[in-house]
Amino acid sequence: MRDQAEQLRQRIQQSTQERQTKLVTVTSGKGGVGKSNFSLNFGLGLIERGHKAVLFDVDLGLANLDVLMGLTPKKHLFHLLEPDETIWGILEKGPGQLEFIAGGSGFTQIMQLDDGKLELLFNRLNPLQGYADTIIFDTGAGLSKESLHFMLSSDEVIVVTTPEPPAITDAYAVIKMLHSRSPVVKIRLVINRVTSEREGRMTADKLTMVAKRFLNMEIHPLGYVLDDVHVSKAVKQQRPFLLAYPQSKASRSIRDLVGRYLESSAAAKLPANGLKGFLARLKHFIR
Ligand SMILES: Nc1ncnc2c1ncn2[C@@H]1O[C@H](COP(=O)(O)OP(=O)(O)OP(=O)(O)O)[C@@H](O)[C@H]1O
Ligand SMILES: [Mg+2]
């Protein structure tokens, strides 16, 4: 049975070889602004629209994503280093056809691998190229070395903030840091927990104007998610809000945002290096 499943996976992978895989890192300055909830429900929103999204938990220490889904992952990224393990063996099935990879307890480990192990790990990640349309990395808050490497290697970085001034200030610090390390990195902004569309727009305007004025850089507002008691309810039930409360304000915001995201992505031509390019860049930063 396992062999058959494996063969099927390989066939699917071969048939989708030409598919573009986009790497997106979700981050924030301040902690607790809603990155993990956003990553999870954004991924599910993409799936609703027929896109294959794979979620990757890069959060150090706190295993956020699996708790939000009520899952206990059997395997994590570093199991890929075991003999005969494949990417299909470590992809966990989440709700709503979401697949995800647990980062394990020590993502810093990736930086400490010797060359042979790093090569093996990356080779075994490669089959995801073409299998997923979008790979979403959920990172911890702030600027750890690891998450910075992920951000700089990604095709896009989504910075999540709330409208509260400390969150905005910290988001700006992340944007500034990213820009100083890589002026070409594409930054998109999500304002979470807004009380109105107007508040979302005003917060985004503030950040985009400051970035333009002081860094001479364009950041692209992606949208906002309304503050909604259903988010916390869903968290307590360990279910994604998009599935638990599909008609809630937060779920509607996510769907609008996903729609806009797909429109703007279709309009923008991406660099064609996908996962391979990402891994090559990551290796460059690690070594
Ligand atoms: N749109 C929203 N409306 C209401 N509450 C929200 C919303 N988004 C997030 N929250 C609340 O914020 C809490 C923290 O969210 P989440 O765990 O996604 O943040 P995080 O940025 O991933 O945190 P960390 O920095 O610790 O990884 C949630 O448990 C929920 O109660
Ligand atoms: Mg989190």
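Quick note: structure is the one above.
Just so you know, these numbers come straight off a predicted model, no measurement behind them. (Residues numbered from 1 in each chain as written. Chains lettered and ligands numbered in written order. Predicted model: local features only at pLDDT ≥ 70, side-chain atom pairs only at ≥ 80, totals over all residues. Heavy atoms only, no water.)

## Some thoughts on the nonpolar core
And then number 1: Counting 35 residues, the largest nonpolar core has Phe38, Leu40, Phe42, Leu46, Ile158 and Val190 as the members making the most contacts within it.
And then number 2: If we skip the residues at most four places from it in the chain, Phe38 touches Val26, Gly43, Ile158, Val160, Val190, Val225, Ile254 and Leu257.
And then number 3: Counting 30 residues, the second-largest nonpolar core is a separate cluster that includes Leu23, Leu125, Leu128 and Tyr131. (Core = buried A, V, L, I, M, F, W, Y, C linked by side-chain atoms within 4.5 Å. Buried < 20%, exposed > 50% of the residue type's maximum accessible area, 1.4 Å probe, protein only. Contact = heavy atoms within 4.5 Å.)

## Remarks on the packing of aromatic side chains
And then number 1: This structure, assessed with the given rule, holds seven aromatic pairs.
And then number 2: Where Phe38 meets Phe42, the ring centres are 5.0 Å apart and the plane angle is 15°; that geometry is what we call stacked. On the criterion of helical spacing, the pair formed by Phe38 and Phe42 is a turn pair, its members being four residues apart in helix α2 (residues 35–48). The pair formed by Phe38 and Phe42 is uniform in burial state, with each residue classed as buried.
And then number 3: Look at Phe150 and Phe278: their rings are 5.8 Å apart centre to centre, the planes differ by 50°, and that puts the pair in the tilted class. With a gap of 128 residues between them, Phe150 in helix α7 (residues 145–153) and Phe278 in helix α13 (residues 274–286) connect regions that are remote in the sequence. Phe278 shares its class with Phe150; the two are buried.
And then number 4: Joined through ring pairs, the aromatic side chains of Phe56, Phe137, Phe150 and Phe278 make up one cluster. (Phe/Tyr/Trp six-rings, centres within 6.5 Å; stacked < 30°, edge-to-face > 60°. Helix = DSSP H or I, 4+ residues; strand = E, 2+ residues; numbered from the N terminus.)

## Let's talk about the coordination of the magnesium ion (ligand 2)
And then number 1: Surrounding the magnesium ion (ligand 2) are the protein donor atoms Ser36 (OG) and Asn64 (ND2), which sit 2.1 to 2.6 Å from the metal. On the criterion of sequence distance, the pair formed by Ser36 in helix α2 and Asn64 in helix α3 (residues 64–69) is long-range, its members being 28 residues apart.
And then number 2: Taking relative accessible area as the criterion, Ser36 reaches 9% and is therefore assigned buried.
And then number 3: According to the relative accessible area criterion, Asn64 is partly exposed, its value standing at 28%. (Donors = N, O, S within 2.8 Å, 3.2 Å for Na, K, Ca; no water.)

## Here we look at the site of ligand 1
And then number 1: Around ligand 1, the structure places 19 residues, and the nearest of them are Gly32, Lys35, Ser36, Asn37 and Asn192.
And then number 2: Side-chain polar atom of Asn192 to a nitrogen atom of ligand 1: 3.0 Å apart, as the coordinates give it.
And then number 3: Within the side chain of Arg193, one N or O atom sits 3.4 Å away from a nitrogen atom of ligand 1.
And then number 4: Contact with the protein chains covers 82% of the free accessible surface of ligand 1, which is 640 Å².
And then number 5: Mapped by element, the contributors of at least two residues to the shell around ligand 1 are α2, β7 (186–194), β8 (220–226) and α10 (229–237).
And then number 6: A breakdown of the residues in the shell around ligand 1 according to their chemical character gives six nonpolar, eight polar and five charged. (Near = heavy atom within 4 Å. Polar contact = N/O pair within 3.5 Å; in protein donor to acceptor, adjacent residues only side chain to side chain. Areas by Shrake-Rupley, 256 points an atom, 1.4 Å probe, with all protein chains shown as cover. Nonpolar A, V, L, I, M, F, W, Y, C, P; charged D, E, K, R; others polar.)

## Examining the pattern of salt bridges
Pairing of side chains with opposite charge becomes possible as their charged atoms draw close.
And then number 1: Scanning the model with the defined rule gives 11 salt bridges in all.
And then number 2: For the salt bridge of Asp155 with Arg281, the shortest nitrogen-to-oxygen distance reads 3.6 Å. Taken as a pair, Asp155 in the loop between α7 and β6 (156–161) and Arg281 in helix α13 lie far apart in primary sequence, 126 residues in all.
And then number 3: Where Glu218 meets Lys212, a salt bridge forms, and the shortest distance between an N and an O atom there is 3.1 Å.
And then number 4: Owing to a relative accessible area of 38%, Lys212 belongs among the partly exposed residues under this scheme.
And then number 5: One salt-bridge network, held together by shared partners, links Lys52, Lys93 and Glu99. (Salt bridge = Lys/Arg side-chain N within 4 Å of Asp/Glu carboxyl O.)

## Some words on α13
And then number 1: Here α13 is 13 residues long and its end C-alpha atoms lie 18 Å apart, about the 18 Å a rise of 1.5 Å per residue gives.
And then number 2: Where α13 is concerned, the buried positions are Gly274, Leu275, Gly277, Phe278, Leu279, Leu282 and Ile286. (Expected span 1.5 Å × (residues − 1).)

## Notes on the environment of Asn126
And then number 1: Mapping Asn126 onto the fold places it in the loop between α6 (115–125) and β5 (134–138).
And then number 2: The spatial distance from the C-alpha of Asn126 to the C-alpha of Lys276 is 6.8 Å, given a sequence separation of 150 residues.
And then number 3: Filtering out sequence-adjacent residues up to four positions away, Asn126 remains in contact with Leu275, Lys276 and Leu279.

## Observations regarding the sheet that holds strand β1 (residues 22–27)
And then number 1: Read from one edge of the open sheet, eight strands run β3-β4-β2-β5-β1-β6-β7-β8, paired in mixed fashion. With partners counted over all chains shown, the strands left at the sheet margins are β3 (92–93) and β8, one partner each.
And then number 2: Note that β1 and β5 share five bridges and pair parallel. Residue pairing across strands places Leu23 opposite Ile135, the latter belonging to β5.
And then number 3: Running over the sheet, α2 touches β1, β2 (53–57), β5, β6, β7 and β8 and is turned about 170° from β5.
And then number 4: On top of the sheet, helix α9 (residues 197–215) reaches β6, β7 and β8; it is set at about 145° to β7, its chief contact. (Pairing = 2+ DSSP bridges. Axes fitted to C-alpha atoms, helices over the stretch in contact; angles between N-to-C directions.)

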